[in-house]
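Below are the chains, spelled out letter by letter.
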Amino acid sequence: ANIPAPWLTPQERFLRGLIQVAGAFHHFNENRFESALALYHSSFDLLSNYFPVYQNIKVQELVMNMRGAFAELIEKGTRSGVKLNKEWVPKIQIIE
């Protein structure tokens, strides 16, 4: 869950969002759909504050790709037995 943590710096909140992205995909891959969706939503809430780019990372692109990967699970629900299509797992894009 995305517990408010006002003492975190903007960079710490950003890193928390990235960690939650990884956790969301891990839970999705392990068929723990409710946990996956909870982390999906909280990571979106955290990372949407850093669109489109933060510290040379294409945050908006990452989140939009994550949305594509989770679309079927969101549409069909946690009891649907949806499998994670690993081709949809986004890669972090860095601007040099």
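Sequence positions are assigned chain by chain, starting from 1 and proceeding in written order. Under the rules for a predicted model, residues below a pLDDT of 70 receive no local features and side-chain atom pairs below 80 are neither given nor counted, while totals for whole chains, interfaces and linings still include all residues. By convention in this description, side-chain values take in all heavy atoms of the structure and omit both hydrogens and water.

### Some points on the overall build of the chain
Logical step 1: In terms of regular secondary structure, the chain is built from three helices and zero strands.
Logical step 2: Secondary structure elements follow DSSP: runs of H or I of four or more residues count as helices, runs of E of two or more count as strands, with numbering from the N terminus. When the helices and strands of the chain are listed from N to C terminus, the series reads α-α-α.
Logical step 3: For the chain, the C-alpha radius of gyration of 13 Å lies close to 12 Å, the compact-globule estimate for 96 residues.
Logical step 4: Dimensions of the chain, computed from C-alpha atoms along their principal axes, come out at roughly 35 × 30 × 20 Å.
Logical step 5: Every one of the 96 residues in the chain was classed for burial, and the buried ones make up 35%.
Logical step 6: Restricting the contact set of the chain to residue pairs at least 6 apart, pairs at least 24 apart contribute 63%.
Logical step 7: Computed by Shrake-Rupley with a 1.4 Å probe, the accessible areas treat only the displayed protein chains as cover when residues are assessed. For the chain, the exposed area adds up to about 6,000 Å²; of that, 53% sits on carbon and sulfur atoms.
Logical step 8: This count recognises Lys and Arg as positive and Asp and Glu as negative, with His and chain-terminal groups excluded. Lys charges are placed at NZ, Arg charges at CZ, Asp charges at CG and Glu charges at CD. Of the charged side chains in the chain, 10 are positive and 9 negative, and the gap between their average positions amounts to 3 Å. Only C-alpha atoms enter the radius of gyration, while the globule expectation follows 2.2 Å times N to the 0.38, with N the number of residues. The buried label applies to any residue whose accessible area, calculated with a 1.4 Å probe on protein chains only, is under 20% of its type's maximum; exposed applies above 50%, and partly exposed to all values in between. Contacts between residues were defined by any pair of non-hydrogen atoms, one from each residue, lying within 4.5 Å.

### A few points about the nonpolar core
Nonpolar side chains tend to gather and get buried jointly when the protein is soluble and globular.
Logical step 1: Buried residues of nine kinds, namely Ala, Val, Leu, Ile, Met, Phe, Trp, Tyr and Cys, make up a nonpolar core once their side-chain atoms join them within 4.5 Å. Counting 24 residues, the largest nonpolar core has Phe14, Phe25, Phe28, Leu47, Val59, Met66 and Phe70 as the members making the most contacts within it.
Logical step 2: Among the elements of the structure, helix H1 (10-29), helix H2 (33-47) and helix H3 (59-76) are those that each provide at least two residues to this core.
Logical step 3: By residue number, the principal contributor to this core is H3, which donates seven residues.
Logical step 4: Once residues lying within four places of it in the same chain are set aside, the contact partners of Phe14 are Leu47, Tyr50, Tyr54, Ile57 and Val59.

### A few points about the environment of Asn49
Logical step 1: Within the secondary structure, Asn49 is located in the loop between H2 and H3.
Logical step 2: Residue Asn49 is classed as exposed on the basis of its relative accessible area, which comes to 60%.
Logical step 3: Residues Asn49 and Arg67, 18 residues apart in the sequence, show an inter-C-alpha distance of 16 Å.
Logical step 4: In this structure the side chain of Asn49 is engaged in a polar contact, spanning 3.5 Å, whose partner is the backbone oxygen of Leu46. We define a polar contact as two N or O atoms separated by no more than 3.5 Å, with the added condition that, inside protein, one atom must be a possible hydrogen donor and the other a possible acceptor, whereas residues neighbouring each other in sequence contribute only through side-chain atom pairs.

### Points about H3
Logical step 1: Between its terminal C-alpha atoms H3 stretches 26 Å, which fits the 26 Å expected from 18 residues at 1.5 Å a residue.
Logical step 2: Phe70 marks the point of greatest bend in H3, at about 50°.
Logical step 3: Regarding H3, the residues found buried are Val59, Leu62, Val63, Met66, Ala69, Phe70 and Leu73.
Logical step 4: Looking at the packing, one finds that the buried side of H3 touches H1 and H2. Expected helix span is taken as 1.5 Å per residue step, with the number of steps being one fewer than the number of residues. Bend at a given residue is defined as the angle between two axes, one fitted to the seven residues that end at that position and one fitted to the seven that begin there.

### Overview of the packing of H1 against H2
Logical step 1: For the pair H1 and H2, the least separation of the axes is 8 Å and the interaxial angle reads 155°. Classed by the angle they form, the pair H1 and H2 counts as roughly antiparallel. Handedness of the H1/H2 crossing: left-handed. On H2, the residues touching Arg13, Phe14, Arg16, Gly17, Leu18, Gln20, Val21, Gly23, Ala24, His27 and Phe28 of H1 are Phe33, Ser35, Ala36, Leu39, Tyr40, Ser42, Ser43, Leu46 and Leu47.
Logical step 2: For the contact of H1 with H2, the class distribution of residues is 11 nonpolar, seven polar and two charged. All axes here are fitted lines through C-alpha atoms, helices being fitted over the stretch that makes contact, and every angle between N-to-C directions spans 0 to 180 degrees. Orientation is classified from the angle alone, with under 35 degrees giving roughly parallel, over 145 giving roughly antiparallel, 65 to 115 giving roughly perpendicular, and any other angle giving oblique. Crossing chirality is assigned from the near helix's rotation relative to the far helix, an anticlockwise turn below a right angle marking it left-handed and a clockwise turn marking it right-handed. For this classification, Asp, Glu, Lys and Arg are treated as charged, while Ala, Val, Leu, Ile, Met, Phe, Trp, Tyr, Cys and Pro are nonpolar and the rest, including Gly, are polar.

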